[in-house]
Each structure stands twice: as C-alpha cells, then as structure tokens.
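What follows is each chain in one-letter form.
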Number of protein chains: 2
Amino acid sequence: MNYFLKDMGDNQIVDQLIDGFVAAYSHRIIRIPGSRIIQKLKPDKDKVVIISGGGSGHEPAHIGYVGDNMLDVAVMGNIFEPPTAAEVFQAIQASYNGHGTLLIIKNFEKDVASFLEGERMAIETGYVVDHVIVNDDCSIESATFEKRKKGVAGTIFIHKILGTASAQGLSLSELVALGNQTIQATKTLGVAFSGTKPIGDKPSQYSLKPNEMYFGIGIHGEPGYRIEEMKSSERIALELTNKLITQYERAELKSVAIIVNGLGSATLLELSIFLNHVMQLLDIADIAVEFKLLGNFMTSYNTNGLSLTFLNLFDAKILDLLQEDTNAFAWKH
Amino acid sequence: MNYFLKDMGDNQIVDQLIDGFVAAYSHRIIRIPGSRIIQKLKPDKDKVVIISGGGSGHEPAHIGYVGDNMLDVAVMGNIFEPPTAAEVFQAIQASYNGHGTLLIIKNFEKDVASFLEGERMAIETGYVVDHVIVNDDCSIESATFEKRKKGVAGTIFIHKILGTASAQGLSLSELVALGNQTIQATKTLGVAFSGTKPIGDKPSQYSLKPNEMYFGIGIHGEPGYRIEEMKSSERIALELTNKLITQYERAELKSVAIIVNGLGSATLLELSIFLNHVMQLLDIADIAVEFKLLGNFMTSYNTNGLSLTFLNLFDAKILDLLQEDTNAFAWKH
C-alpha cells in the first residue's frame, strides 16, 4: 500500500499530478480545463502541430516535453494506460492551426490503437493528421518471446528532433519521413534492479530479490525476459553497450547521441557513474559521442533501474536539431 | 550491500561521478585535472567569484549549479563529507580573478570548519574572500535537541540569487549583505519515508518501517527528531506548510518562492501531487506563490522523502534575481 497516495485512485492521481506540474510551470504550459491535455502557454500558429502522450506514471514524460522546439501538446491517460481515442481527437481539434498535426506514438498495443483511432476520427472530420510510431526497445531476443518492439526512452529524441524540425518549417510529410528515418536509428535497452510498487488502480506486476536484475522490462511495470544476478555498473554498461552496438551495421556507426535514463528511483550519482562507464566503452570502440542526456526522462513510476539509448547520427542535421535550445522543462542539456 | 557500486569506495565513486557529469555537460563545465573542483568552461573575469560545495551524495548538488548566473565553482568532498580546507583553498586560488571570492557554506559543523579554514588560508595568502552560511533547516523543535540549524535545499535559492547578483556587478560586501538577508528569509522542513542504503564507505544511519515517516532528517543520512505513522501527501503538506508559516512574522509573509525537493528516490509524480497540495494550502492562507521549483535539487543519496522550502519575497528584486535565466543544468524552471 502506498501511504503517500493513500486512497487515491487513478483519476485523482492523474488529475492532481497534472495540476501540480501546471502550477509549477504556469509560465510555460496550460491545461485545457476539464481535460488531460496540456499545451504551450503561447501556441505557435505557423507550423505543424506536434502531439505526443501516453499513460501517466512516466513523469517527467510527457508534460515535461511541452515547449518551444519540442511538443506543442501532451495528452495523458490513466497510470500506464494511454488516453482514449476521444481524448486524442480532442487534443488534435483543440490545437489545430491549419498546418497539419503529427502524432508521436509509442509502440504499445493500446497506445497505437487509441492514437490511430483518434487520428481516424480527426481525418474523417476534415483535419490533416499523420503519425510516426517509435519502437526503439531492442531488448527482445527471440521473435517468439514477444512480437512488439516497444517505444521507450528513445521517444524523447524523436520529440526533440521532430519538434525542432517543425519549428524550422518542415511539412507534415517531411516530418514523417525524418521521423521514420530517425526512429530506425534509435535503439534502447533497459534493466530493472527492483519491482515497481502498486500505484492507484495498478498492482505490481513482478518483484525481484535484492541481488537480482531484470533485463527487457517495460515502462509500464511489464516483466522482462531474463533475471540475472545483480552486476556492477561497469558490467551492466558493458553488456548494454555491446548489445546496442550489434543492432547497427558496425561500419555505419561512427557517432552517436546517447540517453542514460533513470526509470524512477535510480539516483543521479549512479546514473552519472554508469554514463562514465558507457563513455569509456564507446571511446575504446572508436565511436564518437556527440550528444548526451543524463537523468530521468521516461520513468516507470518508482522502478529502480535504467535504460541506455543510442541514436546513430546518420546525418549532421540530426545533431543540429538536438542541439537547438528548448524551454521544455524536462530536457536538460 | 550496493551491487551496482560493488567494491567502490568513496574515492572511486566521487571520481567517477564527477567524470560522468563532466562528460555529460562537457559543453558547459570542466574539472580541474586531479582535483574535485568543477568550474565553468568559460569563467567570467569581471565579477565576484561564487564558490559552493560540500559532500558528494547530494546530486545534482553542487555540480549541477555551476553555470551562468549561478555558481562559478563547485568543490566536492567524499560521500557526505565536505572537501578539505586545502581543497577549498585550491578552489579559491584556481578561480581567482581579482574581484574577490564569496563562499556559500551549508551550516554543518564539518563544512563550516573546512570552508572557513580554506578561507583563512586564502586570506593569509593575500586573496579577498568572504562567506555566507546557509541555515534554512527549521526542523529543530527544541533547542536542547540539537543546536545547529543545518543548511539544506534552501541553499539552491542562495546559489541562484547571489550568482545572478554577482553577474549583475554587486561587490563582495554587497553580496554578503544580500546573502544574509536572503538566508534569514529562507526556511526548509524535510521528511523521510525510508532510510538510506549504505554507499561507499558510509553505513546506513537509521532505518524505517514501511508505514513510518521521520521528521527532521538531515541530508547526510542523519536521524531526525520524530518518527510518526506515515501520512498522505495532503496531511504532510498541511503539517509542513503550517509549520513553515509559523517561522515568519505572519503579517510580513505575503508572497513566497517555494522548492518542493525530492531527497533521492521520491518520484516526480509524488512531488507534483505534493506541490499541488501545498499550492492549495497557500492559496487558502492568502500567500501568493510567485516562483516554484519542483524536482530533485539537493538529495540525500537515495532517501525516499522530500523537503519543502519557503523564501519570503521580502523585496521585488529577489524575485527578479530568481527569474533570470541560467544554463546550470540542475536549475529547472
């Protein structure tokens, strides 16, 4: 039982956490009254609108990425549940400016269903809408184990790159092409050192012993595919880095952007030590690290664990798009 | 036993975490080789130098506050131990630019001793140095329980206000006066929902049952003064807010800046819900909240808990100083 959130169900938790964030960043973001839709205080009028969202419980995602050069709108669901199609449709309607709308969807079955149905409703009503689906999780070892490659922390890079590209004037179809190219170059692996406590209406889905770690866990408390004895930062960095490198054509992997992402209750002390180990390994592998993010970007409530993301910088413009400033509060660079 | 940091003592942990942060923010900060001193990549030449620091284990403090309009230099010690006087002296020497140096010290016995001895060594060598001592923790209920009022999360406000004021050209003596005035207006209360795990050479100093909370804990794992049954966010917000209000002359408390600070493993979801409760209580009390920080600013390794800081905005210039931009990566506003 979670004493701090005592007696609070999903509805109350989500309602209050949105109010808390909007209060804290009232100089940047607003909530559309009575909804779970958050948008920029001063919406742009002359660019494609970028919308993302998904379940709550991933804070600072997705509210924290609403800002200049990033998301125009975030639409939130219950804990670990995506918004409904009607909510996605409402988000499209409320923010429409005539230049088209792009949805950035994480590749979970329920998320894809909700967002595509919301898109369909909007298109039928006459709006111009398209989407990209992020599937950066490459933890699945066997095709038979689980078919779907999930969308996890790498989604943050897609938010930034497409958000900045839209501010620079790219059209909807250009953004879809750039998005799909970037998604293909983005790979993530995650590992948990603890289970997740129950929250709101969600039970805990697995637990671990103190000396165990779990590879391939999801960001909604989903079990992974392999439990092993807990290893040191250096050993985990070695395993994740090597496995991520094998996801690419080795000759094409010359420079990368990386995210060392905490899943909820890992400390910055641990994450920075882990990043240092990853940097040493990439240096040995002669892969240049041109851009780094360190911190909690896409969490799984209070899971103790981390994920490592690589984005192959296949084109110099990708790095430029990452480096542009944003006032989205969760982007720390 | 902490498997992730297996076999790592204090020296190795601190060394690697500094390297990790400096790697992640290599476009902003550098480490003076062979030292635990971090400074801005491009030091200012025409202003008073602002130095702070203290033990490691408080990440993102203090490295995360090195940046324009904030700290010029951070000097780090072992886990929960301040740097030595010699290290403080070295930090003063390495960054001296002829306009004087201000030390921002947290009011812990060892911190004060190290920093004042480093200051004395520098003054004897001919440098112009002064200091302020932050003592925002007001959790001590009885003078007999513990004499010293500690310096905790409110220190972040002092970093920002004095850092920005120094960039605006205030002299060393003006900064000391402004600092002391601001420190008097800054009050913090903290509560832990868990003990801290051992790390490096530091054992855990207390433990809590799952349904217990501990008032008045320190940020170095120090025990607090009262264990109670765990309460809900709303009840804790009520208790901390009311107690903080009583620290001020009620008629003078019209508008405040606040920090809702996580102590390590509290989630942003929980912190934002707590902030929302505090906002509601201050609204009822007719106290305007002009500035808010929400997140992990001054942690106690992986303690699950939070602190609440009030700064009475006694002068409009204080709010202006808080609102100026900074690129220090841990300041998120």
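Residues numbered from 1 in each chain as written. Chains lettered and ligands numbered in written order. Predicted model: local features only at pLDDT ≥ 70, side-chain atom pairs only at ≥ 80, totals over all residues. Heavy atoms only, no water.

**A short note on the relation of the copies chain B and chain A**
Rotating chain B by 180 degrees and moving it 0.0 Å along the rotation axis overlays it on chain A with an RMSD of 0.0 Å. On this basis, the relationship between the two copies can be described by a two-fold rotation axis. If distances are taken from each C-alpha of chain B to the rotation axis, the shortest is found for S265 of chain B, at 2.1 Å. A shared interface surface links the copies, since 100% of the contact residues of chain B are contact residues in chain A too. (Least-squares fit on C-alpha atoms with pLDDT ≥ 70 in both. Contact = heavy atoms within 4.5 Å.)

**Structural notes on the sheet that holds strand β4 (residues 73-79) of chain B**
Residues and elements named next belong to chain B. Within the open sheet, the six strands sit side by side as β1-β2-β4-β3-β5-β6. Their pairing is mixed. Pairing within the sheet leaves two strands with one partner each, and these edge strands are β1 (29-31) and β6 (129-134). Neighbour-to-neighbour, the strand axes of the sheet open up by a mean angle of 25 degrees, direction not taken into account. With four bridges connecting them, strand β3 (residues 49-56) and strand β5 (residues 101-106) associate as parallel partners. The partner of I50 across the bridge, within β5, is L102. Its contacts with the sheet put helix α1 (residues 10-24) on β1, β2 (37-40), β3 and β4, and the angle it makes with β4 is roughly 150 degrees. Packed on one face of the sheet, helix α4 (residues 155-167) meets β3, β5 and β6 and runs near 170 degrees to β5. (Pairing = 2+ DSSP bridges. Helix = DSSP H or I, 4+ residues; strand = E, 2+ residues; numbered from the N terminus. Axes fitted to C-alpha atoms, helices over the stretch in contact; angles between N-to-C directions.)

**Concerning the sheet that holds strand β7 (residues 186-192) of chain B**
Residue and element names in this part refer to chain B. Across the sheet, six strands lie side by side as β9-β8-β7-β12-β10-β11; this open sheet has mixed pairing. On the outer flanks of this sheet lie β9 (226-229) and β11 (288-295), each paired with one strand and no other. Each strand of the sheet is rotated relative to its neighbour by a mean of 20 degrees, with strand direction disregarded.

**As for the interface of chain B and chain A**
Interfaces are often sized by the accessible area lost when the parts come together. Contact with chain B, which involves 53 residues of that partner, is made by 53 residues of chain A. Sorting the residues of chain B by area buried against chain A places Y3, F4 and L269 of chain B first, and these three jointly supply 18% of that buried surface. Counting across the chain B and chain A interface gives zero salt bridges. Elements with a minimum of two residues in the side of chain B that touches chain A: α1, α6 (233-245), α7 (268-284) and β11 of chain B. If one sorts the elements of the side of chain B that touches chain A by residue count, α7 of chain B sits on top with 10 residues. Grouping the amino acids of the side of chain B that touches chain A by side-chain chemistry returns 27 nonpolar, 17 polar and nine charged. (Buried area = accessible area lost by both parts, 1.4 Å probe. Salt bridge = Lys/Arg side-chain N within 4 Å of Asp/Glu carboxyl O. Nonpolar A, V, L, I, M, F, W, Y, C, P; charged D, E, K, R; others polar.)

**Focus on α4 of chain B**
Residue and element names in this part refer to chain B. Here α4 spans 18 Å end to end across 13 residues, near enough to the 18 Å set by a 1.5 Å rise per residue. By the criterion of burial, α4 is predominantly enclosed, with 12 of the 13 residues buried. For α4, every residue scored as buried is listed here: T155, I156, F157, I158, H159, K160, I161, L162, G163, T164, A165 and S166. Downstream of α4 by a residue or two, G169 has a phi angle that is positive, lying close to 105 degrees. (Expected span 1.5 Å × (residues − 1). Buried < 20%, exposed > 50% of the residue type's maximum accessible area, 1.4 Å probe, protein only.)

**Focus on the confidence of the model for chain A**
Averaged over every residue, the pLDDT of chain A is 94; residues scoring 70 or more account for 97%. Here the complex is predicted with pTM 0.96, and the ipTM for its interfaces comes to 0.95. (pLDDT = per-residue confidence, 0-100.)

**A look at the environment of R31 of chain A**
Residue and element names in this part refer to chain A. Structurally, the position occupied by R31 is in strand β1 (residues 29-31). Overall, R31 belongs to the buried group, its relative accessible area being 15%. For R31 and A74, which are 43 residues apart along the polypeptide, the C-alpha to C-alpha distance reads 9.6 Å. Those residues in contact with R31 that sit more than four places away from it in its chain are D15, I18, D19, V22, R36, I37 and I38.

**A few points about α7 of chain B**
Across its 17 residues, α7 of chain B extends 24 Å between first and last C-alpha, which sits within 8% of the 24 Å expected from 1.5 Å per residue. In terms of burial, α7 of chain B is a largely internal element, 13 of the 17 residues being buried.

**Comments concerning the side chain of E212 of chain B**
All names here are of chain B. Take E212: it is sitting in strand β8 (residues 212-215). On the basis of relative accessible area, E212 is assigned to the buried category, the value being 17%. Setting aside chain neighbours within four positions, we find E212 in contact with A192, F193, I227, E228 and M230.

**Describing the packing of aromatic side chains**
Scanning the entire structure with this criterion turns up 16 aromatic pairs over all chains. Their ring planes at 85 degrees and their centres at 5.1 Å tell us that Y206 of chain A and Y214 of chain A sit as a pair that is edge-to-face. The same class applies to Y206 of chain A and to Y214 of chain A, which are both buried. Considering the side-chain rings of F157 of chain B and F291 of chain B, the 6.3 Å spacing of their centres and the 65 degrees angle between planes classify their relative orientation as edge-to-face. Highlighted residues: F157 of chain B in helix α4 and F291 of chain B in strand β11, separated in sequence by 134 residues. Overall, F291 of chain B belongs to the buried group, its relative accessible area being 1%. Directly above the ring of F215 of chain A sits R226 of chain A, whose terminal nitrogen or CZ lies 4.8 Å from the centroid. (Phe/Tyr/Trp six-rings, centres within 6.5 Å; stacked < 30°, edge-to-face > 60°. Lys NZ or Arg CZ within 6 Å of the ring centre and 35° of its normal.)

**A closer look at the side chain of S307 of chain B**
Along the chain, S307 of chain B turns up in strand β12 (residues 305-312). When near neighbours in sequence (up to four residues on either side) are disregarded, S307 of chain B contacts A153, T188, L189, G190, I259, V260 and N261 of chain B.

**As for the packing of α6 of chain B against α7 of chain B**
Residue and element names in this part refer to chain B. Relative to each other, α6 and α7 sit at 50 degrees, their axes nearing to 9 Å. Relative to α7, α6 is oriented oblique. In the packing of α6 onto α7, the handedness of the crossing is right-handed. Contacts between α6 and α7 involve S233, E234, I236, A237, L238, L240, T241 and I245 from the first element and I273, F274, H277, V278, L281 and L282 from the second. Tallied by class, the residues present in the contact of α6 with α7 amount to 10 nonpolar, three polar and one charged. (Parallel < 35°, antiparallel > 145°, perpendicular 65-115°, else oblique. Left-handed = near helix turned anticlockwise from the far one by under 90°.)

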